[in-house]
Amino acid sequence: MKLDHTKIKTLGQLKAEGYQSKSIKDELRENLLEKMANGEDTFHGVWGYENSVIPELERAILSRHNINLLGLRGQAKTRLARLMVQLLDEWIPIVGGSEVHDDPFQPISRYATELIKDKGDDTPIEWIHRDERFYEKLATPDVTVADLIGDIDPIKAANLKLSYADDRVIHFGMIPRANRCIFVINELPDLQARIQVALFNILQEGDIQIRGFKLRLSLDLQFVFTANPEDYTNRGSIVTPLKDRIGSQILTHYPENLEIAKKITRQEAQLDKRQLDVVHVPEIAMDVLEQISFEARNSEYVDTKSGVSARLSITAFENLLSTGERRIIRSGDKKTTVRLTDFIGVIPSITGKIELVYEGEQEGAGSVAEILVEDAIKSLFPSYFPEIAKLERKDAETAYDDLVHWFFDGEGFELLDEDTDKEYRAKLDSVSPLNNLLREYQPSMAKEDSYFMKELLLWGLVAHKKLSKHRFTQGYQFKDLYGSYIRGL
């Protein structure tokens, strides 16, 4: 029932309009059913969960369950919880001045009960928007029962001249103040076990106890918890009785393919429109960028239990564009295209987003990041050019012989970080076998993207040990693998 909240100011007016109370779980359920019947997106902007997480989440809401979203970092757990707000009624009435959002027809606090008893139909009514009905708490070891549930307030007792035996001296914590709201506790295992125990009765019975006061507050809450898998965290776990009281536990996951990952990255990246206007990003560059995260999640150097957040790709994309933007500012060009050599700029985005195992620590975070970039190129290379076999006959001919010979017979060449686009393209065009390979295997490649593809060829041959690549202060040097050594003998 939609009412004009701007005109209803008293309990009597609310009754006259025929308003009926409903619990938050019924509210979510009814609005979800309506959206589904109308064919609307229930969790718009969350990609890759259409056939897995979202159906499970919808079933949990229809079942009126409290929910635990279990998954590694960067899997949109908190975003899903926040999007549940859109399934609430736009406005709901509360007793004016209530600190626990008392329902005018089912008040739970002493304040609201006495106010209604005193003023009857003249009881003032306030309205709160659904955006104000979302409470979120990050669980940390220092969270106390007083923070979540409440405590005795000695200042209130002194000001009101009340004894500590009077329940009016209680200061309510976050959970009672979130009555009729969605309450999210992130990283639930981080809560101390005794704090988790304090949640038992709230989830099951609605009872809360504060310093010996047993208050029968029928709190109306939609709890959403988020947690990392328990085999990952060393900080604690969800105590079994609490887990038993959470209706649905839903497992989240990372994007299953590059297309979904790219869609998420483009949606979430915080970019200046001017960057997109002056820096062109070939689609293959986006593929390489996303493939880095896929490689990291399977790398022997990275702790897979820790997970590799989608934020790696998002921040790497932002850094990639900034690398190109910085170059054109310094070179004076008006526009540029992302280069593979620009991926040196995404290294800081990788090193801060991965947890290394012992072998990775031995290599060093920077070296592991470079290995992941090369692994990404190596994985994508066969999608565009003939695959390079791991074992080849000594005299076997390959599609890359002319290119390898070009480097064997010459001195190699350098790609500098701050080469202008004209200089960069001229250097790649000077390697005639690159042009021949591109014409043969990628004949329809747009000219603007072709230079990135030429670089991909070089990096791909380096990854397959056909050429060598050396990083120096100002850029990269590409040479043959053994020829320079042989000529020096």
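None of the values given here were measured: they were computed from a predicted structure.

Asks: How should the packing of aromatic side chains be read in this particular structure?
Replies: Here the structure, examined in full by the defined rule, presents 12 aromatic pairs. Measuring from ring centre to ring centre gives 5.9 Å for phenylalanine 183 and phenylalanine 223, while their planes differ by 80°; the resulting arrangement is edge-to-face. Here the residue phenylalanine 183 occupies a position in strand 7 (residues 181-186), and phenylalanine 223 occupies one in strand 10 (residues 221-227), the gap between them amounting to 40 residues. Pairwise contacts between aromatic rings join Trp406, Phe407, Phe413, Trp459, Tyr476 and Phe478 into one cluster. For arginine 339, the ring lying beneath its charged end belongs to tyrosine 424, and the centroid distance is 4.1 Å.

Asks: Which parts of the structure should I look at to understand the nonpolar core?
Replies: If you look at soluble globular proteins, the nonpolar side chains tend to sit buried side by side. Judged by nonpolar contacts, the single largest core of 63 residues is most densely connected at Val288, Phe343, Ile350, Ile354, Leu458 and Phe478. A per-element tally of this core places helix 22 (residues 447-463) first, with nine residues. Counting 31 residues, the second-largest nonpolar core is a separate cluster that includes Ala139, Phe172, Ile202 and Leu221.

Asks: Can you help me understand the confidence of the model for the protein in this one?
Replies: Where the model shows low pLDDT, its predicted coordinates should not be examined in detail. Overall, the predicted model of the protein reaches an average pLDDT of 88, with 90% of residues at or above 70. The least confident element of the protein is helix 23 (residues 483-487), whose mean pLDDT is 49; the most confident is helix 3 (residues 53-62), at 97. Overall, residues 485-489 carries pLDDT values under 50, and its contacts beyond four positions in sequence, including any with other chains, amount to five contacts.

Asks: Would you mind showing me how to read the side chain of threonine 42 here?
Replies: Tracing the sequence through the fold places threonine 42 in the loop between helix 2 (24-37) and helix 3. If we skip the residues at most four places from it in the chain, threonine 42 touches Leu32, Lys35, Met36, Ile54 and Glu58.

Asks: Before we go on, may I ask you to explain the packing of helix 18 (residues 365-380) against helix 22 in this structure?
Replies: If you want to describe how two helices pack, look at the angle between their axes and the distance between the axes. Packing of helix 18 against helix 22 leaves a shortest axis separation of 9 Å and a crossing angle of 105°. The angle between helix 18 and helix 22 places the two elements in the roughly perpendicular class. Contact residues: helix 18 offers Val373, Glu374, Ile377 and Lys378, while helix 22 offers Leu456, Trp459, Gly460, Val462 and Ala463. Of the residues in the contact of helix 18 with helix 22, the class split is six nonpolar, one polar and two charged.

Procedures and definitions
- Residues numbered from 1 in each chain as written.
- Predicted model: local features only at pLDDT ≥ 70, side-chain atom pairs only at ≥ 80, totals over all residues.
- Heavy atoms only, no water.
- Phe/Tyr/Trp six-rings, centres within 6.5 Å; stacked < 30°, edge-to-face > 60°.
- Helix = DSSP H or I, 4+ residues; strand = E, 2+ residues; numbered from the N terminus.
- Lys NZ or Arg CZ within 6 Å of the ring centre and 35° of its normal.
- Core = buried A, V, L, I, M, F, W, Y, C linked by side-chain atoms within 4.5 Å.
- Buried < 20%, exposed > 50% of the residue type's maximum accessible area, 1.4 Å probe, protein only.
- pLDDT = per-residue confidence, 0-100.
- Contact = heavy atoms within 4.5 Å.
- Axes fitted to C-alpha atoms, helices over the stretch in contact; angles between N-to-C directions.
- Parallel < 35°, antiparallel > 145°, perpendicular 65-115°, else oblique.
- Nonpolar A, V, L, I, M, F, W, Y, C, P; charged D, E, K, R; others polar.

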